[in-house]
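# Understanding the architecture of this molecule
One letter stands for each residue in the lines below.
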Amino acid sequence: MSSNSGIQIPSRLPLLLTHEGVLLPGSTMRISVETARNMHLVKNRLLKGTSLKSTIIGVIPNTRDPEYDTEDLPTLHSIGTAGLAVQVVGSNWPKPHYTLLITGLCRFRVAQLLKEGPFPLAEVEQLDKLEQYTSPDEMSEAAGPDGELGELSQRFYQAAVQLVGMLDMSVPVVAKLRRLLDSLPRETLPDVLASMIHTSNKEKLQVLDAVSLEERFKKTLPLLTRQIEGLKLLQKTRKPRLDDDKRVLAVRKGGVLPGRQFSLDEEGDDEDGNDTAVLERKVKGANMPEPALRVCLKELKRLKKMPQSMPEYALTRNYLDLMVELPWSKSTTDCLDIRAARVLLDSDHYAMEKLKRRVLEYLAVRQLKSTLKGPILCFVGPPGVGKTSVGRSIARTLGREFHRIALGGVCDQSDIRGHRRTYVGSMPGRIINGLKTVGVNNPVFLLDEVDKLGKSLQGDPASALLEVLDPEQNHSFTDHYLNVAFDLSQVLFIATANSTATIPPALLDRMEVLQVQGYTQEEKVEIAHRHLIPHQLEQHGLTPQQLQIPQDTTQDIISKYTREAGVRSLERKIGAICRAVAVKVAEGHNVTKSEAAPAESAHQGAEHGEGKRGRRAEEPDGVSADMAAPPDMPIVIDHIALKDILGPHVFEMEVSERLTLPGVAVGLAWTPLGGEIMFVEASRMEGEGQLTLTGQLGDVMKESAHLAMSWLRSNAKTYQLTNLVGGSDPLEGTDIHLHFPAGAVTKDGPSAGVTMVTVLASLFSGRLVRSDVAMTGEITLRGLVLPVGGIKDKVLAAHRAGVKRVIIPKRNEKDLEEIPANVRKELDFVTASNLDEVLNAAFDGGFPGMSNPLTLPHIVSKL
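The present account deals with the structure reproduced in this document. (Residues numbered from 1 in each chain as written. Predicted model: local features only at pLDDT ≥ 70, side-chain atom pairs only at ≥ 80, totals over all residues. Heavy atoms only, no water.)

Next up on the list: empty space enclosed by the protein. One pass over the full model with this rule turns up eight cavities of 30 Å³ or more. In this structure, the largest cavity spans a volume of roughly 60 Å³. What lines the largest cavity is simply Arg358, Val359, Tyr362, Pro375, Leu377, Ile394, Leu492 and Ile494. The element contributing the most residues to the lining of the largest cavity is helix H12 (residues 353-368), with three residues. Considered class by class, the residues forming the lining of the largest cavity number seven nonpolar, no polar and one charged. (1 Å grid on protein atoms, 1.4 Å probe; cavity = no way out; pocket = protein on both sides within 12 Å on 5 of 7 lines; lining within 4 Å. Points joined across faces, edges and corners; volume = space filled by probe spheres on them. Helix = DSSP H or I, 4+ residues; strand = E, 2+ residues; numbered from the N terminus. Nonpolar A, V, L, I, M, F, W, Y, C, P; charged D, E, K, R; others polar.)

Below, the structure written as structure tokens:
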């Protein structure tokens, strides 16, 4: 080889025994080193050597089965290949080993084995004499009169050219091989081609053993001819033809070398068989902005130069396909009929007037200004009140596409902005992927559970949303995968959350927060009969002619089996009733009074003229209960049948029962699930004046308890409060224990201050707090009552619990306007500005020691 001229291999070479293949001169092969001898060779010779000669080793084919390798040195093959170790890579998994990249230089014969350990070392004789590598003209002269060697060389060269010509010249490796055929000396061609075509190790070993150049041509030429015939047969079987569907199967890249690929192009997909041409037309027809178009054309130009076998080809093609599919200029036309929108919203949802009014305002402004940017809304409220379904209804009202993105538990910013294309498995973020899914650039995006975003080492997704939800920035939102700006200004973003406490302030500032409060009992009844019951009947294959649930039964379900701000539990209970009735309908049984209760009870009820419960509609007089009712009569669920299906009552009106002793009062609390009533209990015993607080209270509630205790001690004489021994200091010789039941639930916040004062005042005075009173409000050390939040949720919770009087801070009187009118009519609201007014309203007849105990503070009733 011309590359070997001037190279003389060392006379002594370390021997690497390999059973993975046969290394021929002029070829390159990766060899895995795992045996002890070969590992010692790598460590002691290749890794420690400093000269070029130390990287030249002898590679000997090992014909013994590797499974039967022993510590004894096997019989060495007499001829091997001197190779240059180009690369050494080590690894410890699954076990220690090395991988060598070796380029073959020339043949050698083992003259004498000098030593066997720790690795074989032999004296060798170089076989490929350098003077053999001459030009083709000199070879013809040296071949003699018959010129047999020159004829073999020419025939082999022509066969090699024919083989390469049958491959796809657009592949860079094939084009390079074609050029090498003209530049390499022909003496090297047998070794180079034999290492590339499909041959067995035995055949390569025969080529290696062919020391004579003439013999080498004779051994390799049949292998080359066989490969050519195989390609001809392959092309014949894959010959392009037209079938009934006019499909064309074209062999675009033939051959058995790595990189062989086939393409199936169907009619209508690519008429000229060029995918890139079709892709280029799609790029130019996507109406994308100029910066995005420039990037696409640049990537398309790179794609044309890549072979399809390269991994980057698929990545670039996927990127261009995404850019083409994105709705750069596709949009839907908004339905701006306000009257139709109002009817649609009212039919989909009952109540929620604030949300409906905001949507109608948006439609009205869109009529006046067509270029209005999409608002960023955030619906905050307890679970089950319909925040997500309202977003879907808004999309229907506007005539836009709807896409929901669940953000609960997301802790990687790449979910929002996507991955950079340098990463393996990169993909766009959920925003861009959602736009691709809906196919328009002005959909309604619902960002569900935005308050439950996480944070991890992969970044903060809440911070990534800052750009998405900022109307001043989202017109040029840049996804990491696209790396070009996309306009999100026409997207209507709606976020949902249960609480704003966990939303970062910067993100909350970018959204218009709309509070979605819980439903009243009357609203739940209306929702159940308008939406929930028809939906459950349809889900269970029932009809209104088979099952009827009166409004009284629905009220019993709401008050005695559910206690929530939303309607999810209510829907589950209705579903349980439908399942119980479905069993009866499927069995073909008539639900009569005898089936709903024991027969004896049923007859007793009939004798006393009781209503027929859980049975088909009223039977005519004289018809026996044991007789089958008409099959078309519906099953009516009354309160007794309700108990048979759902079991005993889950919630009872326990307020009056709990307030039978001094030292108990009812407070109102707000939770992400809605408002709740909260019982506060206190007791005292002889001690050293310590205050004990239990019930998993937060620091703020503990401070409120100390405030309440300090205010009462400072006003003990005024309110005639005494300790156990009759002293004026309530804590003298007395320990106080203040407990908040439901100890497994963490509680915190300042709104329980007035409740603590009332409980302690009841305990020290020995008087009972009114059983129909609930209260909320923050206190100060001077006895003032400060405003608190969540008034509507708290009032609704009190209404659900049967409370008749609610004490709230004076400055929260404005919040009463949000309370439904029917609830305001049933409750008396006491607005207090100081603790004197609170105590006066919490006890029957006022509280002792007040200047005018019979004068109640301002009462707002039946507003």
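Below, the discussion takes up the pattern of salt bridges. Within the structure shown, the criterion is met by 31 salt bridges. Salt-bridge contacts for Glu312 lead to Arg302; the nearest nitrogen and oxygen are separated by 2.4 Å. Taken as a pair, Glu312 in helix H10 (residues 311-325) and Arg302 in helix H9 (residues 290-305) lie far apart in primary sequence, 10 residues in all. We classify Glu312 as partly exposed; its relative accessible area is 32%. What makes Arg302 partly exposed here is its relative accessible area of 31%. (Salt bridge = Lys/Arg side-chain N within 4 Å of Asp/Glu carboxyl O. Buried < 20%, exposed > 50% of the residue type's maximum accessible area, 1.4 Å probe, protein only.)

This part takes up the side chain of Arg366. With respect to the secondary-structure elements, Arg366 resides in helix H12. With a relative accessible area of 12%, Arg366 lands in the buried category. At a separation of 2.9 Å, a polar atom in the side chain of Arg366 contacts the side chain of Asp334. Every residue in contact with Arg366, bar those within four places of it in the chain, is listed here: Asp334, Leu336, Thr371, Leu372 and Arg400. (Polar contact = N/O pair within 3.5 Å; in protein donor to acceptor, adjacent residues only side chain to side chain. Contact = heavy atoms within 4.5 Å.)

Across all of its chains, the model carries five aromatic pairs by this definition. Ring centres of Trp711 and Tyr719 lie 5.5 Å apart, and the angle between their planes is 45°; on these two criteria the pair is classed as tilted. Overall, the relative accessible area of 5% leaves Trp711 in the buried class. According to the relative accessible area criterion, Tyr719 is buried, its value standing at 3%. Taking NZ or CZ as reference, Arg186 lies 4.4 Å from the ring centre of Tyr157, over its face. (Phe/Tyr/Trp six-rings, centres within 6.5 Å; stacked < 30°, edge-to-face > 60°. Lys NZ or Arg CZ within 6 Å of the ring centre and 35° of its normal.)

Mapped onto the secondary structure, Ile557 falls in helix H19 (residues 551-560). On the basis of relative accessible area, Ile557 is assigned to the buried category, the value being 1%. Sequence separation of Ile557 and Leu642 is 85 residues, and the distance between their C-alpha atoms is 8.1 Å. Excluding residues that lie within four positions of it along the chain, Ile557 makes contacts with Thr562, Leu570, Lys573, Ile577, Leu642 and Leu646.

Bringing the side chain of Lys387 into the picture now. Summarising the element assignment, Lys387 is placed in helix H13 (residues 387-398). Look at Lys387: it is buried, it has no salt bridge, and the nearest opposite charge is Glu449 at 6.1 Å. One polar contact links the side chain of Lys387 to the main-chain carbonyl oxygen of Gly381, over a distance of 3.3 Å. Excluding residues that lie within four positions of it along the chain, Lys387 makes contacts with Phe379, Val380, Gly381, Pro382, Thr496, Ala497, Asn498 and Val516. (Lys, Arg positive; Asp, Glu negative; His and termini not counted.)

The peptide bond linking Gly117 to Pro118 adopts the cis configuration, its omega dihedral lying at 0°. Looking at the secondary structure, you find Pro118 in the loop between strand E5 (97-115) and strand E6 (121-126). In this structure, Asn287 is a non-glycine residue whose phi angle is positive, near 55°. Tracing the backbone through its elements, the reader meets Asn287 in the loop between helix H8 (275-284) and H9. Even without glycine at this site, Ala351 takes up a positive phi of about 70°. Locating Ala351 in the fold gives a position in the loop between helix H11 (338-348) and H12.

A few words now on the nonpolar core. Judged by nonpolar contacts, the single largest core of 64 residues is most densely connected at Leu738, Phe740, Leu760 and Ile807. A total of eight residues in this core trace back to one element, the largest contributor, which is helix H26 (residues 753-765). Discounting chain neighbours no more than four positions away, the residues touching Phe740 are Met678, Phe679, Val680, Thr694, Gly695, Leu697, Met701, Lys747, Ala752 and Met756. One finds Leu300, Leu326, Leu435 and Val450 within the second-largest nonpolar core, a separate group that totals 49 residues. (Core = buried A, V, L, I, M, F, W, Y, C linked by side-chain atoms within 4.5 Å.)

To continue, consider the packing of H9 against H10. Interhelical geometry of H9 versus H10 gives an angle of 150° and a closest axis separation of 10 Å. On the basis of the axis angle, H9 is roughly antiparallel to H10. The element H9 and its partner H10 pack so that their crossing is left-handed. Between H9 and H10, the contacting residues are Ala292, Val295, Cys296, Glu299, Leu300, Arg302 and Leu303 on the first element and Glu312, Tyr313, Thr316, Arg317, Tyr319, Leu320 and Met323 on the second. Its residues placed into classes, the contact of H9 with H10 shows nine nonpolar, one polar and four charged. (Axes fitted to C-alpha atoms, helices over the stretch in contact; angles between N-to-C directions. Parallel < 35°, antiparallel > 145°, perpendicular 65-115°, else oblique. Left-handed = near helix turned anticlockwise from the far one by under 90°.)

Another aspect to go through is the packing of helix H6 (residues 201-209) against helix H7 (residues 213-237). H7 packs onto H6 with a crossing angle of 150° between their chain directions and a minimal axis gap of 8 Å. As the angle between them shows, H6 and H7 are arranged roughly antiparallel. As H6 packs across H7, the resulting crossing turns out to be left-handed. Listed contacts from H7 to Glu203, Gln206 and Val207 of H6 are Arg216, Lys219, Thr220, Leu223 and Arg226. Taken together, the residues of the contact of H6 with H7 sort by class into two nonpolar, two polar and four charged.

Within the fold, Asp415 resides in helix H14 (residues 414-417). Here Asp415 falls in the partly exposed class, since its relative accessible area comes to 24%. On a C-alpha basis, the gap between Asp415 and Met427 in space is 9.2 Å, while along the polypeptide they are 12 residues apart. What Asp415 contacts, discounting residues up to four positions off in sequence, is Val410, Gly429 and Arg430.

Let us look at the pairing of strand E1 (residues 12-18). Burial analysis of E1 places six of its seven residues in the buried class, which makes it a mostly covered element. Bridging between E1 and E6 involves three bridges; their strand directions are antiparallel. Within E6, the residue paired with Leu13 across the bridge is Ala122. Bridging between E1 and strand E3 (residues 56-61) involves four bridges; their strand directions are parallel. (Pairing = 2+ DSSP bridges.)

Taken as a whole, H11 has its buried residues at Ala341, Leu345 and Asp348. Projected onto a plane normal to the axis of H11, the buried residues spread over an arc of 65° and lie on a single side. Among the exposed residues of H11, those pointing more than 90 degrees away from its buried face are Arg339 and Val343. Against the buried residues of H11 lie H12, H13 and helix H18 (521-539). Put simply, Asp337 is the residue that caps the front of H11, since its side-chain oxygen is 3.2 Å from the backbone nitrogen of Arg339. (Arc of directions from axis to C-beta.)

Another aspect to go through is the sheet that holds strand E11 (residues 444-448). Taken together, the five strands give an open sheet; going across it, the order is E10-E11-E14-E9-E15, and neighbouring strands pair in parallel fashion. Each edge of the sheet is formed by a strand with only one pairing partner; in this case those strands are strand E10 (402-406) and strand E15 (512-515). The average undirected angle you get between the axes of adjacent strands in this sheet is 20°. Sheet analysis places strand E9 (residues 376-380) next to strand E14 (residues 492-497), joined by five bridges and oriented parallel. Bridging across to E14, Leu377 finds its partner in Ile494. Helix-sheet contacts for H12 involve E9 and E15, and the interaxial angle to E15 is about 145°.

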